[in-house]
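As a plain string of letters, each chain reads:
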Amino acid sequence: MIIMEKCPELGGGGDGMGSQDLANRALSWERLRTQVQETNPDLQDSLDVAATLESMGWTDRQMEETFGFANVFDAARELFDSIRRQVAQSPMPIRVAIARKTLIWSIIRDIGHGLTFTLPMIVSVAAMITLHISFASYQYFSVPNATAIALATFVSFLTTGGFTQAMTNIYYVLMGMQKVQEIEATVFLVMRWSVVTTLVIAGFLIIGDFVFPIMPESLVLLMVLYTILLSMLWISFTGLYILRREYFLTFITAMAIGVAFTLHRRGMAVQWAQAVAMAVAAFASLATSVVIFRRRTKGFQALRGVFQTRLAQLAHGASPYFVYGILYFVYVYVDRLVAWSSQTTFLPYNIWFRGQYELGMDWSLVALFLPLSVAEVLISTVMRRVESLEHRLDLDRTTDLLAALYKIYFVMLAVFVGVSVLGVLLTHTGVTLLVPIHLFAQSVPVRGVEPFVFTFSSWSYVLFSVAIFNTLLLFTLSHPGPALRVLGVGIGVDLVFGILATQVLNGYQYAVLGLAVSCAFIAIYSTYMVVRVIRRLDYILYRLS
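Residues numbered from 1 in each chain as written. Predicted model: local features only at pLDDT ≥ 70, side-chain atom pairs only at ≥ 80, totals over all residues. Heavy atoms only, no water.

## So, the overall build of the chain
Part 1: Regarding its fold elements, the chain presents 20 helices and zero strands.
Part 2: A fraction of 78% describes how many contacts in the chain between residues 6 or more apart in sequence connect residues 24 or more apart.
Part 3: A total accessible area of about 25200 Å² is found for the chain, and carbon and sulfur atoms account for 65% of it. (Helix = DSSP H or I, 4+ residues; strand = E, 2+ residues; numbered from the N terminus. Contact = heavy atoms within 4.5 Å. Areas by Shrake-Rupley, 256 points an atom, 1.4 Å probe, with all protein chains shown as cover.)

Dropping the structure here:
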């Protein structure tokens with residue numbers, strides 16, 4: 001038997017076992033492999049296998065006594081190799097036809113979910129345009145206060161971005177393993193880690209400014225306050241996002257903005273009105289998440305702090321998503337940081353908020369709403385088509401299969417680019433229509449450097465959308481390494497070209513040129529990475545089996 005040949009612990013390690021004992025051990029090993037595959041159908045590596053074995057109750061001692069392995073991890077490595085060999089030698093399963101009506105409804109549902117995903121952002125932008133107030137809006141603020149708020153927003157994304165992505169990944173992993181009873185405890189544990197990280201960083205900000213004064217204490221304290229409140233807001237919002245309760249989140253967003261607007265109109269300072277609104281939104285989101293989690297886990301025994309699956313294994317699997325969350329928000333903000341710190345004119349502080357630059361960038365982000373809302377359905381379509389191909393084409397027809405895979409990928413990529421271009425055109429059209437309306441006179445990018453920044457950044461985001469599509473596809477194909485490299489190198493390119501542009505051309509607005517160059521680079525680089533992964537045909541078929 002292959003298992004006994006490949007694994008000395010199972011196939012005659014000199015312990016005097018008879019042929020019947022060896023046969024029984026091999027049969028038990030086959031049964032264990034089947035149980036592991038049934039418990040976790042989406043095994044990514046040997047660490048996933050180890051986590052599954054431990055969740056099934058296996059210990060190092062039991063594994064040594066039963067199969068002769070030194071520990072669970074040694075057994076997991078052999079099991080994972082065994083599963084891969086089994087997949088490579090197994091015939092393709094019979095394709096199950098999906099009714100056209102079911103497929104169409106699935107696509108509509110995915111698009112609907114994508115659209116609802118952007119609803120809270122749309123509400124926030126609409127409030128900024130009409131009411132000139134939102135959670136962390138800079139209008140009604142002095143420039144020094146706006147600088148503190150802008151930095152707080154960046155730091156809050158930096159402290160929570162990794163945790164929100166990791167929390168989402170852990171949630172779906174536990175759901176896939178049917179570990180429903182562990183979800184609430186694990187997700188809220190990640191939330192607590194995020195809160196602790198935020199508080200630690202807030203403490204460092206206070207201590208750092210005390211040792212190396214950069215801004216007045218009042219601004220630092222305002223920045224710390226907003227950092228904590230915004231971090232609480234983002235992490236509580238994530239709970240509703242992963243539960244697919246965007247309608248609740250949209251309502252909470254609108255309610256909190258209404259609270260801020262009402263308090264400000266009644267005479268409360270805008271920073272305190274926004275602080276109250278953020279606290280209300282965070283509490284409402286967290287409470288709603290707890291209720292929904294409790295309903296989903298109803299009937300399961302409480303864990304009382306004991307996890308059946310090792311947290312270390314979950315952390316290992318979620319680590320690429322954690323890094324992705326940090327890199328993503330650094331990339332989104334790096335050109336802003338270059339613009340805010342550009343020393344082309346006298347600045348009271350080393351970092352000085354540029355409202356005109358920010359307004360142009362904010363409207364460019366509006367153009368991303370449409371492509372982000374369809375990204376999920378397009379990537380799902382790619383995966384469905386690839387799965388269909390593996391049934392229709394034999395493995396020995398590698399050339400035909402590769403050609404078909406490339407065609408599917410580039411067609412979906414072209415559709416996504418088309419949607420992104422449409423998003424930019426609609427955004428520019430919307431700005432043009434809003435210009436004559438007095439209510440929106442201060443909220444559209446038509447003055448000074450605003451049109452320049454808006455034009456370059458919005459079209460740059462078409463290329464950024466290509467990179468996002470590719471990185472999401474790489475994660476879907478369980479190939480996060482190239483996706484992380486794309487963003488990491490892109491940040492460096494943006495930083496270098498942004499600084500050069502602002503200094504050579506002597507204007508902070510030229511930081512957007514660094515964004516344009518880096519977006520072009522990561523669009524090309526990420527496409528190259530996807531093509532390389534598709535070329536690994538055996539890997540793709542293994543992941544889909």
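## Section: the environment of Ile499
Part 1: Note that Ile499 resides in helix α18 (residues 480-504).
Part 2: By relative accessible area, Ile499 is classed as partly exposed at 41%. (Buried < 20%, exposed > 50% of the residue type's maximum accessible area, 1.4 Å probe, protein only.)

## Describing the environment of Trp29
Part 1: Within the element layout of this structure, Trp29 appears in helix α2 (residues 19-39).
Part 2: Residue classification places Trp29 among the buried residues on the basis of a relative accessible area of 0%.
Part 3: Sequence separation between Trp29 and Phe67 is 38 residues; the distance between their C-alpha atoms is 7.7 Å.

## Describing the side chain of Ser460
Part 1: Inspection of the secondary structure puts Ser460 in helix α17 (residues 450-476).
Part 2: At 2.6 Å, the side chain of Ser460 and the backbone oxygen of Phe456 are in polar contact.
Part 3: Ser460 has contacts with Leu515, Ala516 and Cys519, leaving out every residue within four places of it along the chain. (Polar contact = N/O pair within 3.5 Å; in protein donor to acceptor, adjacent residues only side chain to side chain.)

## As for unusual backbone geometry
Part 1: Even without glycine at this site, Asn506 takes up a positive phi of about 60°.
Part 2: Note on placement: Asn506 falls in the loop between α18 and α19 (511-535).

## Focus: the pattern of salt bridges
Part 1: Taken as a whole and judged by the stated rule, the model has five salt bridges.
Part 2: The residue Asp74 makes a salt bridge to Arg77 at a minimum N-O spacing of 2.2 Å. One end of the pair, Asp74, and the other, Arg77, are both in helix α5 (residues 72-89), three residues apart, so they sit about a helical turn from each other.
Part 3: Judged by relative accessible area, which is 27%, Asp74 ranks as partly exposed.
Part 4: When salt bridges that share partners are traced, they join Arg336, Glu358 and Asp362 into one network. (Salt bridge = Lys/Arg side-chain N within 4 Å of Asp/Glu carboxyl O.)

## Observations concerning helix α10 (residues 217-242)
Part 1: The end-to-end C-alpha distance of α10 is 38 Å, a good match for the 38 Å that 26 residues give at a rise of 1.5 Å each.
Part 2: The buried fraction of α10 amounts to 19 of the 26 residues, a majority that puts the element mostly inside the structure.
Part 3: One or two positions beyond α10, positive phi appears at Arg244, with a value near 55°. (Expected span 1.5 Å × (residues − 1).)

## Points about the packing of aromatic side chains
Part 1: By the definition in use, this model includes 21 aromatic pairs.
Part 2: For the ring pair Tyr331 and Phe464, a centre distance of 5.3 Å and an interplane angle of 10° mean the geometry is stacked. Placement of the pair is Tyr331 in helix α13 (residues 311-341) and Phe464 in helix α17, with a sequence separation of 133 residues. Per residue, the accessibility class of Tyr331 equals that of Phe464, and both read buried. (Phe/Tyr/Trp six-rings, centres within 6.5 Å; stacked < 30°, edge-to-face > 60°.)

## Let's talk about the side chain of Asn169
Part 1: On the secondary structure map, Asn169 appears in helix α8 (residues 143-176).
Part 2: What makes Asn169 buried here is its relative accessible area of 11%.

## Digging into the nonpolar core
Part 1: Leu233, Phe464 and Phe469 are the most contacted members of the largest nonpolar core, which totals 119 residues.
Part 2: Looking at this core, the element that brings in the most residues is α8, giving 15 residues.
Part 3: In contact with Phe469, not counting residues within four places along its chain, are Leu378, Ile379, Val382, Tyr409, Met412, Leu413 and Phe416. (Core = buried A, V, L, I, M, F, W, Y, C linked by side-chain atoms within 4.5 Å.)

## Comments concerning the confidence of the model for the chain
Part 1: Within the chain, residue pLDDT values average 79, and 78% of them lie at 70 or more.
Part 2: Across the chain, the element-wise mean pLDDT spans from 40 in helix α1 (residues 2-6) up to 94 in α18.
Part 3: Overall, residues 1-15 carries pLDDT values under 50, and its contacts beyond four positions in sequence, including any with other chains, amount to 31 contacts.
Part 4: Under a pLDDT of 50 for its full length, residues 300-308 has, in the predicted model, 15 contacts with residues more than four places off or in other chains. (pLDDT = per-residue confidence, 0-100.)

## Details of the packing of α18 against α19
A pair of packed helices can be characterised by two numbers: the angle between their axes and the separation between those axes.
Part 1: Closest axis-to-axis distance for the α18/α19 pair is 7 Å, and the angle between their directions is 155°. With respect to their mutual orientation, α18 and α19 come out roughly antiparallel. Here α18 and α19 pass one another in a crossing that is right-handed. Between α18, through Pro482, Arg485, Val486, Val489, Gly490, Val493, Asp494, Phe497, Gly498, Ala501 and Thr502, and α19, the contact on the second element is made entirely by Ala511, Leu513, Gly514, Leu515, Val517, Ser518, Phe521, Ile522, Tyr525, Ser526 and Met529. (Axes fitted to C-alpha atoms, helices over the stretch in contact; angles between N-to-C directions. Parallel < 35°, antiparallel > 145°, perpendicular 65-115°, else oblique. Left-handed = near helix turned anticlockwise from the far one by under 90°.)

## What about a nonpolar patch on the surface?
Part 1: A surface patch of nonpolar side chains, about 540 Å² in accessible area, is lined by Val496, Phe497, Leu500, Val504, Leu505 and Val517.
Part 2: A total of four residues in the nonpolar patch trace back to one element, the largest contributor, which is α18.
Part 3: One can find Val504 in helix α18.
Part 4: Among the residues examined, Val504 registers a relative accessible area of 67% and is labelled exposed. (Patch = residues over 30% accessible without salt bridge, like charges linked within 9 Å, V, L, I, M, F, W, Y side chains within 5 Å.)

## Some details on the packing of α17 against α19
Part 1: The interhelical angle for the contact between α17 and α19, taken along N-to-C directions, is 20°, at an axis separation of 8 Å. Classified by the interaxial angle, the pair formed by α17 and α19 is roughly parallel. Considering how the two elements wind past one another, α17 and α19 form a crossing that is left-handed.

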